[in-house]
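Close look at the chain arrangement
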There are 2 protein chains.
Amino acid sequence: MTSLALIEAAAARLAGHSRVTPLLNAPLLDQIAGRRIFVKAECLQWTGSFKFRGGWSAVSALPPGTKGVMAYSSGNHAQGVALAAHHHGLPCVILMPADAPAVKIANTRAYGAEVVLYDRATEDRDAIGARLAATRGLALVKPFDDAQVIAGQGTVGLEIARQAAEAGIAAATVLTCCGGGGLTAGIALALEARAPHLSVRPCEPAGFDDTARSLVSGKRERNATTTGSICDAIVTPSPGEITFPILNRLCGPGLVVTDDEACRAVALAFHHLRIGLEPGGAVALAAALFRQDLPDTVICTASGGNVDAGLFTDILTRFEA
Amino acid sequence: MTSLALIEAAAARLAGHSRVTPLLNAPLLDQIAGRRIFVKAECLQWTGSFKFRGGWSAVSALPPGTKGVMAYSSGNHAQGVALAAHHHGLPCVILMPADAPAVKIANTRAYGAEVVLYDRATEDRDAIGARLAATRGLALVKPFDDAQVIAGQGTVGLEIARQAAEAGIAAATVLTCCGGGGLTAGIALALEARAPHLSVRPCEPAGFDDTARSLVSGKRERNATTTGSICDAIVTPSPGEITFPILNRLCGPGLVVTDDEACRAVALAFHHLRIGLEPGGAVALAAALFRQDLPDTVICTASGGNVDAGLFTDILTRFEA
């Protein structure tokens, strides 16, 4: 069970290895939103997303004698685990869907991992993974339903608590980009202990709002499909078994944004903060910009920036500032 | 005369108003360069460039009773002075060339400044500026040849000294994007006092290498023209009267990069660091990536990120990773 103690232990293992990412803001962005927006720029984290924190936390907590690690991921968790394993001198196999963004596949390989591609439509990822894990003795690092992964993501929350205090933010809503809920759960646990005046609301793409619906019904709802959103990084079938009880206790209600709103947020983050976000990493900022029922001050996670150049240039062209 | 004491005083006035920008790096960028590259990401500074530091430093040092401020600038100094004046409650007039990047003109206005456009080819900027200053009682904030402006830019050097120590960097060359030399002189003065093991080399676009040539000849050389480079932010006629003696004592030799190399650096910074740079803000990174006579570890200033979307998408398209 992830607790503040587990998050603090992860922070200690991450110290000097992960980057303390800045809390950015810009007057011109605030003008557009009509509220103060602070952006926790995890796109500037090693490997371009917060996933490096959870990957490092999990890999650094593996028992001595572990032969290697394995992960399933469409890209950000893949890169985080790959680089963490590389730094720990462990072999790493990543199982990725063949239609994952090219930059994510290329970077995962560049971090030293062996990438095994599979077809989402026709192949059984879990069966391939189980076979690889069994035959090669690899430890599986799950993307969110793992106490040490959640603890690693929770270090974002420790930093937000400290940076919000430094910025004199007395009250705010923290908006998270939410897939399986590892980042959201970790942040919520950290803030519960360190900054209880900061509430947490998960943000999701329209049509893939399993978490928002689960927070309404009180049980884990599923998405009808896991394909068809531009926000590939945060599309998951349902909230996690471990993450959902945490979300249900501490977070909500959920917020939903359209793909176009996420893309507009990508363009505005580029123009006003000079950061590169992928659409899935911009849904929290999109909610901050385009939803009305929010307080005067919001803090958004900008959770990832691993975007193909073609998609990014298309977004900048379509959503000229 | 700018001294460490003046830089430290500027740092005290800037505390809580400017951002401590991160020192970024990325394993995949190091792989490409064949050396360790750290990037001081001043594109993440308020107004998108280090110029906010100098602007704030100068505006906050004006005598009581000052009626307003004025600056000449193609864009980054304009925005820095405009926002600093706005925060100090002072009227601000910025004289900008009509062919400055649209985003820089728009943002300068959005920060509350009155923008007066002039034609670089046919109008005399200094005459227009002198008339405005005289008739409206405005204090001129020069872009680089001003002790308080240099002191403000020198706070980048104080941060580099501290961040390099935290990162365990024992020796490195610091590469700066150099126009009139305010940033370079400020950093060199700060490092002379705080990190004398870090040497400073200014970087310029090919054909506009007045500083490199001046460091060879020992006197202030001029560029043949001040138009025709994509690196508009750092094209100046010659090193400053105040800045050059500092550069001549502490910096060099200069490095020169082509426009294409600057653009490739823009693309690589986007792909591997997820930051948006303008070409003029990427010349130091370009030198770090593409010049050979450099040590194993370099620290580059990424001095600005105010780039039009059209140019940026063109660069990403031409220099696909």
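Here the structure is shown first, and the text comes after it.
Now for a look at the structure at hand. (Residues numbered from 1 in each chain as written. Chains lettered and ligands numbered in written order. Predicted model: local features only at pLDDT ≥ 70, side-chain atom pairs only at ≥ 80, totals over all residues.)

What to know about the interface of chain A and chain B
Often, the extent of an interface is quoted as the loss of accessible area on bringing the components together. Using the following cut-off: Residues are scored as being in contact if the C-beta atoms we place from backbone atoms lie within 7 Å. Every helix listed is a DSSP run of H or I at least four residues long, and every strand listed is a run of E at least two residues long, numbered separately from the N terminus. Residues were grouped as follows: Ala, Val, Leu, Ile, Met, Phe, Trp, Tyr, Cys and Pro as nonpolar; Asp, Glu, Lys and Arg as charged; and all remaining residues, including Gly, as polar.
Between chain A and chain B, the residue contacts involve 25 residues of the former and 25 residues of the latter. For the side of chain A that touches chain B, the secondary structure elements donating two or more residues are helix 2 (27-33), helix 5 (102-110) and helix 13 (309-318) of chain A. Along the lines of polarity and charge, the residues of the side of chain A that touches chain B split into 15 nonpolar, 7 polar and 3 charged.

Here we look at the sheet that holds strand 1 (residues 23-24) of chain B
All names here are of chain B. Definition in use: A pair of strands is labelled paired if DSSP reports no fewer than 2 bridges between them. Note on definitions: angles span 0 to 180 degrees between N-to-C directions of axes, and those axes are lines fitted to C-alpha atoms, for helices only across the stretch in contact.
Spatially, 1-2-10-7-8-9 is the arrangement adopted by the 6 strands of the open sheet, whose pairing is mixed. A single partner strand is all that each edge strand has here, and the edge strands are strand 1 and strand 9 (255-257). Here strand 7 (residues 172-177) runs beside strand 10 (residues 297-302); their pairing, made up of 3 bridges, is parallel. In the sheet register, T173 faces strand 10, and the bridge partner there is V298. Against the sheet, helix 7 (residues 147-166) makes contact with strand 1, strand 2 (36-41), strand 7, strand 8 (198-205) and strand 10, and its axis sits at roughly 145 degrees relative to strand 10, the strand it touches most. Against the sheet, helix 8 (residues 182-194) touches strand 7, strand 8 and strand 10, its axis set at about 175 degrees to strand 8.

Digging into helix 1 (residues 4-14) of chain B
Residues and elements named next belong to chain B. Convention followed: Think of it as a crowd count around each C-beta: if 20 or more other C-beta atoms lie within 10 Å the residue is buried, if 12 or fewer it is exposed, and in between it is partly exposed, with C-beta placed from the backbone throughout. In this description, the arc belongs to the directions extending from the helix axis to the C-beta atoms.
Buried within helix 1 are the following residues: L6, I7, A10, A11 and L14. Down the axis of helix 1, the smallest arc covering the buried residues is 145 degrees, so these residues share one side. Exposed and oriented more than 90 degrees from the buried face of helix 1 are A5 and A12. In the core, the buried residues of helix 1 are packed alongside helix 3 (51-60), helix 7 and helix 8. Immediately beyond the C-terminal end of helix 1, within one or two residues, lies G16, with a positive phi of roughly 85 degrees.

Details of the packing of helix 1 (residues 4-14) of chain A against helix 7 (residues 147-166) of chain A
A pair of packed helices is characterised by two quantities: the angle between their axes and the separation of those axes. Residue and element names in this part refer to chain A. Note the following rule: For classification purposes, an angle smaller than 35 degrees is called roughly parallel, one larger than 145 roughly antiparallel, one from 65 to 115 roughly perpendicular, and anything else oblique.
Here helix 1 crosses helix 7 at 80 degrees, and the two axes come no closer than 8 Å. Between helix 1 and helix 7, the interaxial angle falls into the category roughly perpendicular. Of the residues in helix 7, those touching helix 1 at L6, I7, A9, A10, A11 and L14 are A147, Q148, A151, G152, G154, T155 and L158. Here the contact of helix 1 with helix 7 is composed, by residue class, of 9 nonpolar, 4 polar and no charged.

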